[in-house]
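Next come the chains, spelled out residue by residue.
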Amino acid sequence: MAASAEVRRIVIENCAIATVDAGDTEYASGHVVVADNRIESLGAGRAPEGLENVVRRIDATGHLVTPGLVNTHHHFYQWITRGLATDHNLFNWLVALYPTWARIDERMVSVAAQGSLAMMARGGVTTAMDHHYVFPQGSGDLSGAIIRAARGMGVRFTLARGSMDRSEKDGGLPPDFAVETLEGALAATEATVDEHHDPSFGAMTQVAVAPCSPFSVSTELMRRGAELARRKGVRLHTHGSETVEEEQFCKELFGMGPTEYFESTGWLGEDVWMAHCVHMNDSDIAAFARTKTGVAHCPSSNARLAAGIARVPDMLAAGVPVGLGVDGTASNESGELHTELRNALLINRLGAHREAALNARQALRLGTYGGAQVLGRAAEIGSLEPGKLADLVLWKLDTLAHASIADPVTALVFGAAAPVTLSLVGGEPVVENGRLLHADEDAIARATREEAQRLARIAAEA
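Criteria and cut-off values
- Residues numbered from 1 in each chain as written.
- Predicted model: local features only at pLDDT ≥ 70, side-chain atom pairs only at ≥ 80, totals over all residues.
- Heavy atoms only, no water.
- Core = buried A, V, L, I, M, F, W, Y, C linked by side-chain atoms within 4.5 Å.
- Buried < 20%, exposed > 50% of the residue type's maximum accessible area, 1.4 Å probe, protein only.
- Contact = heavy atoms within 4.5 Å.
- Helix = DSSP H or I, 4+ residues; strand = E, 2+ residues; numbered from the N terminus.
- Polar contact = N/O pair within 3.5 Å; in protein donor to acceptor, adjacent residues only side chain to side chain.
- Phe/Tyr/Trp six-rings, centres within 6.5 Å; stacked < 30°, edge-to-face > 60°.
- Lys NZ or Arg CZ within 6 Å of the ring centre and 35° of its normal.
- Salt bridge = Lys/Arg side-chain N within 4 Å of Asp/Glu carboxyl O.

Asks: Explain the nonpolar core here, please?
Replies: Where a protein is soluble and globular, its nonpolar side chains tend to be buried together. Ranked by internal contacts, the top residues of the largest apolar core, which has 110 residues, are W93, W101, L117 and M315. In contact with W93, not counting residues within four places along its chain, are Q78, L84, A85, H88, W101, R304, L305, A330 and S331. Formed by 17 residues, the second largest nonpolar core is a distinct cluster that contains I10, V34, I39 and L42.

And the structure:
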């Protein structure tokens, strides 16, 4: 860190603080000092006297400060196909929507990324990710469009560069012209890593290797994708064990269940995280725990598609890293991660563990430190600790919506969605008083309507 005279400081005082550190340290009334892009200090009471170069001092009375939320699974392009196929299970939903998704282009993806990022950022997300796997022939620079949108929004970002090479003619679900060849997918993925991945501390953009799913990807692409990721030193991401139908598919095609298949192709390990993992038996959970394979839990999407209730309490008890995911907005139309804190807690209480499944602080940990774990960034983000990046959120809890809830973490998780007064990413404001600083929400809304209508016309004419 630079010498004291050169450091720009932001001081936040008079707020409740949930650090989500290893000891779940909390302060009923405390302070946070941000120095440039990192947390310099925090604790009970007022900030130390005599701090130099304080460029902003915030009286955060009535607020809770938490780490910024970390989203671990999403499909931005689906922003312009919301509200469709609302009464379908996963496979039927995919069959219904793939013909439309196969018509996306760079302009559509750019607008969809802006809309998806805007909804997350204004709701407290400071680190986002996108699993983009639909690359229709001649559709333009889709990865570049997504990354530019994230940079423009000011959030930290991981692009999980997806791929599909198993189309309808090979027994898969997507149309033939919406998939890549094996070699084409591998080459494009490697080029994306080379161009955009930043491995340094505090990186704003990282890339993961992310073939879509066992039922849309060949075994060769899975194996060689894992080899590519490890050769390049990046993480691996895919969908896993989302539905009963997927499990049946794997057994019929590969002669084994999804977890066994993933292990046979090199897809278990501490550098891997899977989306959903709803249908996991005891041996599956043990394999994930043994290998430290992570899970992106997407409670709203799992409910929307009637996939089932993931065994999150059992995963956590076994030591599996678990974060939260919005998932694509065609299966979670709200597109917000802060609502997933509440839904994760409530939906898991419908499972075998009932009221003991999750509590408010465990839900908050899933959305912050747990997400940082599965993205491989727990040393940088996910908790409020000196030396970590200053990615944090001030939640306003003194309005009517939370007036009678004494405990601030309970208010945030159990209560109505709390307004975001301030969101910092690396010490830089992204949201102020509920409004995005780097994007015009009204313009994005107009563009969303236009691109959704254009895509619908193109799909109808195809």
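The rest of the description comes next.
Asks: What am I meant to see in the side chain of T238 here?
Replies: Structurally, T238 is set in strand β10 (residues 236-240). You can call T238 buried: its relative accessible area is 0%. Among the polar contacts listed, one links the side chain of T238 to the backbone oxygen of C212, at a separation of 2.9 Å. Those residues in contact with T238 that sit more than four places away from it in its chain are H131, P211, C212, S213, F262, W267, W273, M274 and A275.

Asks: What am I meant to see in unusual backbone geometry here?
Replies: Among all residues except glycine, the phi angle is most often negative; among peptide bonds, the trans geometry is most common. The backbone of D36 shows a phi angle near 55°, a positive value even though the residue is not glycine. Note on placement: D36 falls in the loop between β2 (26-35) and β3 (38-44). Positive phi, normally seen in glycine, also occurs at N433, with a value near 50°. Residue position: N433 is located in the loop between β16 (428-432) and β17 (435-436). Residue classification places N433 among the exposed positions, given a relative accessible area of 61%.

Asks: What is the right way to read the packing of aromatic side chains from this model?
Replies: For any pair of aromatic rings, geometry is given as the distance between the ring centres together with the angle between the planes. Under the defined criterion, the tally for this structure stands at ten aromatic pairs. Note on F249 and F254: the rings are 6.5 Å apart at their centroids and 75° apart in plane angle, and the pair reads as edge-to-face. Residue F249 is classed as buried on the basis of its relative accessible area of 17%. Ring plane angle 50° and centroid distance 6.2 Å describe the contact between Y261 and F262, whose orientation is recorded as tilted. Summarising the burial analysis for this pair, Y261 and F262 share the class buried. Following the ring pairs from residue to residue traces out a cluster consisting of F91, F215, F249, F254, Y261 and F262. Here R82 stacks its cationic end above the ring of W79, 3.9 Å away from the centre of that ring. The ring of F135 has R161 lying over it, and the distance from NZ or CZ to the ring centre is 3.7 Å.

Asks: Would you explain the side chain of H402 in this entry?
Replies: Secondary-structure assignment places H402 in the loop between β14 (392-396) and α13 (408-414). Leaving out residues up to four positions away in the same chain, H402 has contacts with K396, L397, A411, G415, A416, A417 and A418.

Asks: How do you make sense of the pattern of salt bridges when you look at a structure like this?
Replies: Once the charged atoms of two side chains with opposite charge are near each other, the side chains can pair. A full pass over the atoms with the stated rule returns 30 salt bridges. Close ionic contact of E190 with R231 constitutes a salt bridge, the shortest N to O distance being 3.0 Å. Here R231 lies in helix α5 (residues 219-232) and E190 lies in helix α4 (residues 182-196), a separation of 41 residues in the sequence. Accessibility expressed as a relative area gives 22% for E190, which makes it partly exposed. Given the relative accessible area of 54%, R231 is considered exposed. Across the salt bridge formed by R377 and E380, the nearest N and O atoms sit 2.9 Å from each other. Of the two residues, R377 and E380, neither departs from the other in class, the shared state being buried.

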